[in-house]
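# Inside the fold
So you can see what is in the structure, the chains are spelled out below.
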Amino acid sequence: MHRNDPDVITRLLTTPGRWAVVGLSTNTSRAAYGVAAYVQSLGHEIVPVHPQAPTVHGAPGVRSLADVDGPVDVVDVFVNSALCGDVVDQAIAVGAGAVWLQLGVVDEAAAERARAAGLDVVMDACPAIEGPRRDL
């Protein structure tokens, strides 16, 4: 069973990086919208990943992880657990450094595939909760 490593969470939140936020749209009532703004406030670049490829928080969107131009440090997953395994596999395929599965998003098999491929894994957690716990 996966257990989040507090040191990995702290490193991902404090090391400037490029976060592909899967499921991010212009819908301000969705958690992804506020969390992406928080991630940006920490100094990270965000790339919205959504089938409609909207620009969100000033960042141009793409339709899929494969469409991201350049490296991805963290794939932040805002899709339900039934769909997250495919996103994790895409993260592995694009050479991401980590996957962060949001609160309520749990897929032990996908987390194991990511770990086996060398990615850091955070599961069932939220940057906008974990950051303030660390005074970020």
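First things first, this report covers the structure right here in the doc. Computed from a predicted structure; not experimentally measured.

Let us now look at the overall build of the protein chain. Counting its regular elements, the protein chain contains 5 helices and 5 strands. When the helices and strands of the protein chain are placed in sequence order, the string is α-β-α-β-β-α-β-α-β-α. For 136 residues, the compact-globule formula gives about 14 Å, and the C-alpha radius of gyration of the protein chain, at 13 Å, lands near that figure. Taken along the three principal axes of its C-alpha coordinates, the protein chain extends 35 × 35 × 25 Å.

Overall, parallel pairing links the 5 strands, which are arranged E2-E1-E3-E4-E5 in an open sheet. In this open sheet, the two strands that pair with only one neighbour each are strand E2 (45–49) and strand E5 (120–122). Sheet twist, expressed as the average angle between the axes of neighbouring strands with direction ignored, equals 20 degrees. In this structure, strand E3 (residues 74–77) lies alongside strand E4 (residues 98–101), joined through 4 bridges in parallel fashion. If you follow Val77 over to E4, its bridge partner there is Leu101. Against the sheet, helix H1 (residues 6–14) contacts strand E1 (18–22), E3, E4 and E5, and its axis sits at roughly 100 degrees relative to E5.

Before going further, it helps to examine the pairing of E2. For E2, a buried count of 4 out of 5 residues is recorded, marking the element as mostly surrounded by other parts of the structure. Summarising the sheet, E1 and E2 pair through 5 bridges and their orientation is parallel. Opposite Arg18, over in E2, you have Glu45 as the bridge partner. Crossover connection from E1 via helix H2 (residues 31–41) to parallel E2: handedness right-handed.

Look at Ala53: it is not a glycine, yet its phi comes out positive at around 50 degrees. For Ala53, the location among the structural elements is in the loop between E2 and E3. Even without a glycine there, the phi angle at Asp135 is positive, about 60 degrees. Counting through the fold element by element, Asp135 comes out in the segment after helix H5 (127–133).

Before going further, it helps to spend a moment on the packing of helix H3 (residues 81–93) against helix H4 (residues 108–116). In contact at an axis separation of 9 Å, H3 and H4 are set at 5 degrees when each is read in the N-to-C sense. Considering the angle they form, H3 stands roughly parallel to H4. Taking contact as the criterion, the partners of Gly85, Val88, Asp89 and Ile92 in H3 are, on H4, Ala110, Arg113 and Ala114. Here the residues of the contact of H3 with H4 sort into 4 nonpolar, 1 polar and 2 charged.

So, on to the layout of surface pockets. Estimated volume of the largest pocket: approximately 250 Å³. Along the wall of the largest pocket there are 15 residues; nearest its centre are Val22, Gly23, Pro51, Val79 and Val87. The element best represented in the lining of the largest pocket is H3, accounting for 4 residues. When grouped by side-chain class, the residues that make up the lining of the largest pocket number 8 nonpolar, 4 polar and 3 charged.

Conventions used here
- Residues numbered from 1 in each chain as written.
- Predicted model: local features only at pLDDT ≥ 70, side-chain atom pairs only at ≥ 80, totals over all residues.
- Heavy atoms only, no water.
- Helix = DSSP H or I, 4+ residues; strand = E, 2+ residues; numbered from the N terminus.
- Rg over C-alpha atoms; globule rule 2.2 N^0.38 Å.
- Pairing = 2+ DSSP bridges.
- Axes fitted to C-alpha atoms, helices over the stretch in contact; angles between N-to-C directions.
- Contact = heavy atoms within 4.5 Å.
- Buried < 20%, exposed > 50% of the residue type's maximum accessible area, 1.4 Å probe, protein only.
- Right-handed = clockwise from strand over helix to strand, strands pointing away.
- Parallel < 35°, antiparallel > 145°, perpendicular 65-115°, else oblique.
- Nonpolar A, V, L, I, M, F, W, Y, C, P; charged D, E, K, R; others polar.
- 1 Å grid on protein atoms, 1.4 Å probe; cavity = no way out; pocket = protein on both sides within 12 Å on 5 of 7 lines; lining within 4 Å.
- Points joined across faces, edges and corners; volume = space filled by probe spheres on them.

Remember, this is a structural readout, not a statement about activity or role.
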